[in-house]
Amino acid sequence: MDIIKTATVGIGAVLLALMFKNQRPEFATLINLACCLFIFFCVIYKMQEVLSYIEELSGYIKIEQTYIVSILKMIGITYISEFASDICRDVGYSSVAGQIQIFAKMSIILLSMPVLLTFLSTVGEFL
């Protein structure tokens, strides 16, 4: 039931930020940022559980750890870039948000290249 608690905190923060938006917009931004950080740390806490399941799954399937680590890094880059770009958009800096997303996409492409090359060499051996 952690989702109910997290959703309640999120809705409460949004309502509180809306109350401050007209009178003190800087407080609304700080409330928004604090709520986002709270949810971000909740996700990190949940990620620990996911990592334990991934380790268990890797015991069943013969996959090198480097591939699992690469996939986890890609997931992390995606989440962090979305988090950062959404905050930038909320405060009106959409151009910075776009640049963060472009950098994240390039980082994911860079991480995926060794996996793609290994895949292609494996397929080439079968042909």
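This write-up is about the structure you can find in this document. (Residues numbered from 1 in each chain as written. Predicted model: local features only at pLDDT ≥ 70, side-chain atom pairs only at ≥ 80, totals over all residues. Heavy atoms only, no water.)

1. A few points about a nonpolar patch on the surface
No. 1: A cluster of nonpolar side chains, Ile 102, Met 106, Ile 109, Met 113, Leu 116, Phe 119, Leu 120, Val 123 and Leu 127, forms an exposed patch at the surface whose accessible area comes to about 900 Å².
No. 2: On the secondary structure map, Val 123 appears in helix H4 (residues 94-126).
No. 3: Assessed through its relative accessible area of 32%, Val 123 is described here as partly exposed. (Patch = residues over 30% accessible without salt bridge, like charges linked within 9 Å, V, L, I, M, F, W, Y side chains within 5 Å. Areas by Shrake-Rupley, 256 points an atom, 1.4 Å probe, with all protein chains shown as cover. Salt bridge = Lys/Arg side-chain N within 4 Å of Asp/Glu carboxyl O. Helix = DSSP H or I, 4+ residues; strand = E, 2+ residues; numbered from the N terminus. Buried < 20%, exposed > 50% of the residue type's maximum accessible area, 1.4 Å probe, protein only.)

2. Structural notes on the packing of aromatic side chains
By convention here, two paired aromatic rings are described through the distance between centres and the angle between planes.
No. 1: A full pass over the atoms with the stated rule returns four aromatic pairs.
No. 2: Ring centres of Phe 40 and Tyr 79 lie 5.6 Å apart, and the angle between their planes is 10°; on these two criteria the pair is classed as stacked. Pair noted here: Phe 40 is in helix H2 (residues 25-60) and Tyr 79 is in helix H3 (residues 65-90), with a separation of 39 residues, a long-range link.
No. 3: Overall, Phe 40 belongs to the buried group, its relative accessible area being 14%.
No. 4: Of the aromatic side chains, those joined through ring pairs into one cluster are Phe 40, Phe 41, Tyr 79 and Phe 83. (Phe/Tyr/Trp six-rings, centres within 6.5 Å; stacked < 30°, edge-to-face > 60°.)

3. Let's talk about the pattern of salt bridges
No. 1: This model, assessed by the stated rule, comprises four salt bridges.
No. 2: A salt bridge links Lys 46 to Glu 49, with the nearest nitrogen and oxygen atoms 4.0 Å apart. Pair noted here: Lys 46 and Glu 49 are both in helix H2, with a separation of three residues, about one helical turn.
No. 3: With its nearest N and O atoms 3.7 Å apart, the salt bridge here joins Arg 89 to Asp 86. Note that Arg 89 and Asp 86 are positioned in helix H3 at a spacing of three residues, about one turn of the helix.
No. 4: Looking at Arg 89, the relative accessible area reads 38%, which means it is partly exposed.
No. 5: Judged by its relative accessible area of 39%, Asp 86 is partly exposed.
No. 6: Through salt bridges that share partners, Asp 2, Lys 46 and Glu 49 make up one connected network.

4. Thoughts on the environment of Met 74
No. 1: Mapped onto the secondary structure, Met 74 falls in helix H3.
No. 2: If we skip the residues at most four places from it in the chain, Met 74 touches Ile 108, Leu 111 and Ser 112. (Contact = heavy atoms within 4.5 Å.)

5. A look at H4
No. 1: With 33 residues, H4 should reach 48 Å at 1.5 Å per residue; the first-to-last C-alpha distance of 47 Å fits that figure.
No. 2: Along H4, the positions that sit buried rather than exposed are Ala 97, Gln 101, Ala 104 and Ser 107.
No. 3: Check the buried side of H4 and you find it contacts H3. (Expected span 1.5 Å × (residues − 1).)

6. Focus on the packing of H2 against H3
No. 1: One way to put it is that H2 packs onto H3 with a least axis distance of 12 Å and a crossing angle of 170°. With respect to each other, H2 and H3 are oriented roughly antiparallel. Residues Asn 32, Leu 33, Cys 36, Leu 37, Ile 39, Phe 40, Val 43, Met 47, Leu 51, Ile 54 and Ser 58 of H2 form the contact with H3, whose participating residues are Gln 65, Ile 68, Leu 72, Ile 75, Tyr 79, Ile 80, Phe 83, Ile 87 and Asp 90.
No. 2: Residue classes in the contact of H2 with H3 are distributed as 16 nonpolar, three polar and one charged. (Axes fitted to C-alpha atoms, helices over the stretch in contact; angles between N-to-C directions. Parallel < 35°, antiparallel > 145°, perpendicular 65-115°, else oblique. Nonpolar A, V, L, I, M, F, W, Y, C, P; charged D, E, K, R; others polar.)

7. Concerning the environment of Ser 95
No. 1: Take Ser 95: it is sitting in helix H4.
No. 2: Sequence separation between Ser 95 and Phe 83 is 12 residues; the distance between their C-alpha atoms is 15 Å.

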